[in-house]
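# Coordinate analysis (summary)
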Amino acid sequence: MKTIKVGIAGLGRLGKVHANNIAFKIPNATLTAACSIVPAELEYAKNELGVTDLYTDYREMLEKADIDAVAIVTTSSEHCWQIEAALDAGKHVFTDKPLGVDLEQCKLAEAAVERHPDQVFFLGFMRRYDSSYAYAKKKIQEGAIGKPYMVKAIGIDPEALVEGSIKFAATSGGIFIDMAIHDIDLMRWFLEDEPTEVYALGATFKHPEFQAVGDDETAVATYKFKNGGIGVIHVGRTAPHGYHVETEIIGTEGSIRISPIPEKNLAMLYNSNGVVTECVEGFPERFAAAYLAEMQEFIDCICENRKPGVSVYDGTKSTAIGFGTTEAWKSGKVVAL
């Protein structure tokens, strides 16, 4: 079996998830190099992952490390130039979402991908690789709910992590850029269509720190699609019960609901609080299997010389829709997409 040598850039919360998957859970991949500007992250790579080829300079890793591919899990604003540099250096590229923080950056990434058609580029819309979402897509393709015409999506971070959200709010790009990109991608994927206009609202009732930097703690957007379909997204940062991600796809002959209760597992607690189903605590727990599946698919695409189902253009379109949604939220007007 061919083994793909991977270098990772960024070892924060999600970077550690990807690094552990590459190092220990994907048989045809090996983690051979790591790059971070945070000393503690490089210590983690050395002590916990056994990586000794360590860098603080990304371009130096591309030049000197013995790697076939790069996994980019850095700050969003760094993604596009790092994608371009890696592809130009002859490396296959996996990058976490979003593709970029503005459309100009996304176009640079598109051009780099187009310059290197023989290299694999993989954008980490991991929900497409979650077993429940993949199953829903398969059932839709089989005609189980007729013609899908509406997607309703909820994504609310736990109140337990709100202090981190507040700290990040000033540079997050706003609640829709920060939190709605996955749901925007899923709407396009399930409906197989593009939105043409959006109306959005936001509100803050508990943490005024969000509005102090021009953000909100919760928000809703409604989309009209080319074929008349509808999308509704509700995002927020204050779920008291844990990490709440829920999606419903409605068709002419039925509907599919994914995670109406985002259970931690199939156990139920019977105690003084009543009958309780515990909720997952965060995205690494809820989508652990999806993160592994998408990285395995990236490595398999390299080994089998094929392209993944999600493209660089999906990243650009989701970013453009995210900015249009942000404009609608800020202006209070319907915005054409």
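Since we're looking at a predicted model, the values are computed, not measured.

Turning our eyes to something else, we now look at the overall build of the protein. A tally of regular secondary structure across the protein gives 13 helices and 15 strands. Projected onto the principal axes, the alpha-carbon positions of the protein cover approximately 50 × 50 × 45 Å. Sorting the 337 residues of the protein into buried and exposed places 52% on the buried side. Put simply, 71% of the contacts in the protein that link residues at least 6 apart link residues at least 24 apart. As displayed, the protein has an accessible area near 15100 Å², and 53% of this comes from carbon and sulfur atoms.

Packing of helix H5 (residues 103-115) against helix H13 (residues 312-331) leaves a shortest axis separation of 9 Å and a crossing angle of 170°. Overall, the two elements H5 and H13 adopt an arrangement that is roughly antiparallel. Counting all contacts with H5, which are made through Leu103, Cys106, Lys107, Ala109, Glu110, Val113 and Glu114, the residues of H13 involved are Val312, Tyr313, Thr316, Thr319 and Ala320.

So, on to the nonpolar core. Soluble globular proteins: nonpolar side chains tend toward being buried together. Formed by 64 residues in total, the largest nonpolar core has its most connected members in Phe176, Phe190, Tyr223, Ile249 and Phe298. When residues in this core are grouped by element, the largest group, seven residues, is from helix H12 (residues 288-304). Excluding residues that lie within four positions of it along the chain, Phe298 makes contacts with Ala69, Val70, His92, Val93, Phe94, Val120 and Phe122. Judged by nonpolar contacts, the second largest core, of 28 residues, contains Ala9, Ala85, Ala109 and Leu123.

Before going further, it helps to spend a moment on the environment of Cys279. With respect to the helices, strands and loops of the structure, Cys279 is situated in the loop between strand E14 (274-276) and helix H11 (283-286). Sequence separation between Cys279 and Leu103 is 176 residues; the distance between their C-alpha atoms is 36 Å. Those residues in contact with Cys279 that lie beyond four places of it in its chain are His241, Gly242, Tyr243, Pro262 and Lys264.

Now for the pairing of strand E5 (residues 92-96). On any regular strand, side chains alternate: one points to one face of the sheet, the next to the other face. Counting buried positions over the five residues of E5 gives five, a clear majority of the element. Of the two faces of E5, the one carrying His92, Phe94 and Asp96 and the one carrying Val93 and Thr95 are both buried. By the bridge criterion, four bridges tie strand E4 (residues 69-72) to E5 in an arrangement that is parallel. Looking at the pairing, Val70 lines up with Val93 of E5. Crossover handedness for the path E4 to helix H4 (residues 79-88) to E5: right-handed. Where E5 lies against strand E6 (residues 121-124), four bridges are found, and the strand directions are parallel.

To continue, consider the environment of Ile230. Structurally, Ile230 is set in strand E10 (residues 230-239). Under the relative-accessibility criterion, Ile230 is labelled partly exposed at 31%. Here Ile230 is in contact with Tyr149, Met150, Val151, Leu191, Thr222, Tyr223 and Phe225, once residues within four sequence places are set aside.

Moving on: the sheet that holds strand E15 (residues 335-336). Reading across from one edge, E12-E11-E7-E10-E9-E8-E15 is the order of the seven strands in this open sheet, with mixed pairing throughout. Both outer strands of the open sheet, strand E12 (254-258) and E15, are each paired with one neighbouring strand and no more. For strand E7 (residues 148-158) and strand E11 (residues 244-251), the ladder comprises eight bridges, and the chain directions are antiparallel. Its bridge partner lying in E11, Gly155 is registered against Val245. Packed on one face of the sheet, helix H9 (residues 181-191) meets E7, strand E8 (195-203), strand E9 (218-225), E10, E11 and E12 and runs near 160° to E7.

What counts and how
Residues numbered from 1 in each chain as written. Predicted model: local features only at pLDDT ≥ 70, side-chain atom pairs only at ≥ 80, totals over all residues. Heavy atoms only, no water. Helix = DSSP H or I, 4+ residues; strand = E, 2+ residues; numbered from the N terminus. Buried < 20%, exposed > 50% of the residue type's maximum accessible area, 1.4 Å probe, protein only. Contact = heavy atoms within 4.5 Å. Areas by Shrake-Rupley, 256 points an atom, 1.4 Å probe, with all protein chains shown as cover. Axes fitted to C-alpha atoms, helices over the stretch in contact; angles between N-to-C directions. Parallel < 35°, antiparallel > 145°, perpendicular 65-115°, else oblique. Core = buried A, V, L, I, M, F, W, Y, C linked by side-chain atoms within 4.5 Å. Pairing = 2+ DSSP bridges. Right-handed = clockwise from strand over helix to strand, strands pointing away.

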